[in-house]
Amino acid sequence: MPTDADQRLIDAAFAQAQKSYDQGGLPIGSVLATADGTLVAQGHNERVQSGDPTAHAEVVCIRRAGRRRDWHALTLASTLSPCIMCTGTSLLYRIPRVVVGENQNFLGAENLFRERNVELAVLNDPRCTALMARFIREHPDLWNEDIGV
């Protein structure tokens, strides 16, 4: 069940998504936080900016968190439903809770989270939906390249 704390995480992730959009990249942002809402790491999709096809927002965010032993106590938030690569990365580190800004522009591998008993909250945040839809309209080539179409 989404909480006010979840909305604050999506707000922080959205700021990352906007940063990527402003840089010409895919507007997807992610944050990692402790149970009390303290941000551990932030990231945005840097695939276009860096030329690295694995530089999705969630992977960048997890990389920036560094070596940790408390993955099992963290929450990952992303403006867009995570793709299978990002889902797999969060499952590998046993992150138990994922907050999604929106899953209308792209429905990621949410079924894998559910199969692994990861708590999933989808906020349907209109800002996340609108920014992603705008990007898809403006840059269908980059969108299709990123999602493997």
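Residues numbered from 1 in each chain as written. Predicted model: local features only at pLDDT ≥ 70, side-chain atom pairs only at ≥ 80, totals over all residues. Heavy atoms only, no water.

Quick notes on the overall build of the protein
Scanning the protein from N- to C-terminus turns up seven helices and five strands. Order of helices (α) and strands (β) in the protein, N terminus to C terminus: α-β-β-α-α-β-α-β-α-β-α-α. Computed over C-alpha atoms, the radius of gyration of the protein comes to 14 Å, within 12% of the 15 Å expected from 2.2 N^0.38 for 149 residues, which places it in the range of a compact globule. Its C-alpha atoms give the protein principal-axis dimensions of roughly 40 × 30 × 25 Å. Out of the 149 residues in the protein, the part that is buried amounts to 50%. If you take every contact in the protein between residues at least 6 apart in sequence, the share linking residues at least 24 apart comes to 55%. Surface exposure of the protein reaches about 7,300 Å², of which carbon and sulfur atoms provide 52%. Charged side chains in the protein number 15 positive and 18 negative. The centres of these two groups are separated by 6 Å. (Helix = DSSP H or I, 4+ residues; strand = E, 2+ residues; numbered from the N terminus. Rg over C-alpha atoms; globule rule 2.2 N^0.38 Å. Buried < 20%, exposed > 50% of the residue type's maximum accessible area, 1.4 Å probe, protein only. Contact = heavy atoms within 4.5 Å. Areas by Shrake-Rupley, 256 points an atom, 1.4 Å probe, with all protein chains shown as cover. Lys, Arg positive; Asp, Glu negative; His and termini not counted. Charge placed at Lys NZ, Arg CZ, Asp CG, Glu CD.)

Regarding the packing of aromatic side chains
Within this structure, the stated rule accounts for two aromatic pairs. With centroids separated by 4.9 Å and ring planes inclined at 45 degrees, the aromatic side chains of W71 and Y93 adopt a geometry described as tilted. Taken together, the residues W71 in the loop between α3 (57-65) and β3 (75-80) and Y93 in the loop between α4 (84-92) and β4 (97-102) connect sequence positions 22 residues apart. (Phe/Tyr/Trp six-rings, centres within 6.5 Å; stacked < 30°, edge-to-face > 60°.)

Description of unusual backbone geometry
Here the phi dihedral of R94 falls at roughly 55 degrees; this positive angle occurs in a residue that is not glycine. Overall, the relative accessible area of 64% leaves R94 in the exposed class. Residue N117 is not a glycine yet carries a positive backbone phi of 60 degrees. You can see N117 is positioned in the loop between α5 (110-115) and β5 (119-122). With relative accessibility at 71%, the residue N117 sits in the exposed group.

Focus: the state of the cysteines
Summed over all chains, the structure comprises zero disulfides. Just so you know, C86 is unpaired, no disulfide at all, and the nearest cysteine sulfur is the one on C83, 3.7 Å from it. With a relative accessible area of 1%, C86 lands in the buried category. (Disulfide = S-S within 2.5 Å.)

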